[in-house]
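# Reading the structure
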Amino acid sequence: AVVSTQSAHYGRGAEGPGLMDSYVDDLGDFQVFTRDAGHGTLSVRVNGPKDKFRVDMWKGADRTVNCRYNPEVPGKYTINIKWEDEHIRGSPFMITVRKKSKENGI
């Protein structure tokens, strides 16, 4: 997904549970902080065992961009968040998505 915005900031980065290890079908929600960086384009790509995933993006309060993806398959995922083709702080994010099971209480 690509969103054009008038502001993004390399140093502020992104945060949220979608940037951490999780379980299949848990929505991967996170925010990218897009304040004070000038005009440009933000791109977010999630790659996993099924290749690329759709990422829903919408503008939030205080010039943040909310992002959501739905990992349907267990495995290793890479989340690339770029501003003007440059990785923001912390990107790429590497996470593991596990199957839900009775053993892990899920």
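Up top is the structure these notes are about.
## Let's talk about unusual backbone geometry
- With an omega of 0 degrees, the peptide bond between serine 91 and proline 92 qualifies as cis.
- You can see proline 92 is positioned in the loop between β10 (86-87) and β11 (93-98).
- With phi around 60 degrees, arginine 63 is a residue other than glycine that occupies positive phi space.
- By secondary structure assignment, the location of arginine 63 is in the loop between β7 (56-59) and β8 (64-69).
- Positive phi, close to 65 degrees, is recorded for aspartate 85, a residue that is not glycine.
- Relative to the helices and strands, aspartate 85 resides in the loop between β9 (75-83) and β10.

## Considerations on the pairing of strand β5 (residues 40-48)
- Pairing of β5 with β9 involves 6 bridges; the strand directions are antiparallel. Its bridge partner being in β9, arginine 45 is matched across the sheet by asparagine 80.
- Pairing of β5 with strand β6 (residues 51-53) involves 3 bridges; the strand directions are antiparallel. Considered in β6, the bridge of asparagine 47 is made with lysine 52.

## Structural notes on the sheet that holds strand β2 (residues 14-15)
- Pairing within the open sheet is antiparallel, and its 4 strands lie in the order β2-β4-β8-β7. Strands with a single pairing partner mark the edges of an open sheet, and in this sheet they are β2 and β7.
- In the sheet, β2 pairs with strand β4 (residues 28-33) via 2 bridges, with the strands oriented antiparallel. When the sheet's bridge partners are listed, alanine 14 is paired in β4 with valine 32.

## Some thoughts on the nonpolar core
- Residues Phe30, Val32, Leu42, Val44, Cys67, Ile79 and Ile81 are the most contacted members of the largest nonpolar core, which totals 22 residues.
- Looking at this core, the element that brings in the most residues is β9, giving 4 residues.
- Contact partners of cysteine 67, with chain neighbours within four places excluded, come to Gly28, Asp29, Phe30, Val32, Val44, Val55, Asp56, Met57 and Trp58.

## Description of the environment of methionine 20
- Position of methionine 20 among the secondary structure elements: in the loop between β2 and β3 (22-23).
- C-alpha separation for the pair methionine 20 and methionine 94, spaced 74 residues apart in sequence, amounts to 8.0 Å.

Each value, and the rule that gives it
Residues numbered from 1 in each chain as written. Predicted model: local features only at pLDDT ≥ 70, side-chain atom pairs only at ≥ 80, totals over all residues. Heavy atoms only, no water. Helix = DSSP H or I, 4+ residues; strand = E, 2+ residues; numbered from the N terminus. Pairing = 2+ DSSP bridges. Core = buried A, V, L, I, M, F, W, Y, C linked by side-chain atoms within 4.5 Å. Buried < 20%, exposed > 50% of the residue type's maximum accessible area, 1.4 Å probe, protein only. Contact = heavy atoms within 4.5 Å.

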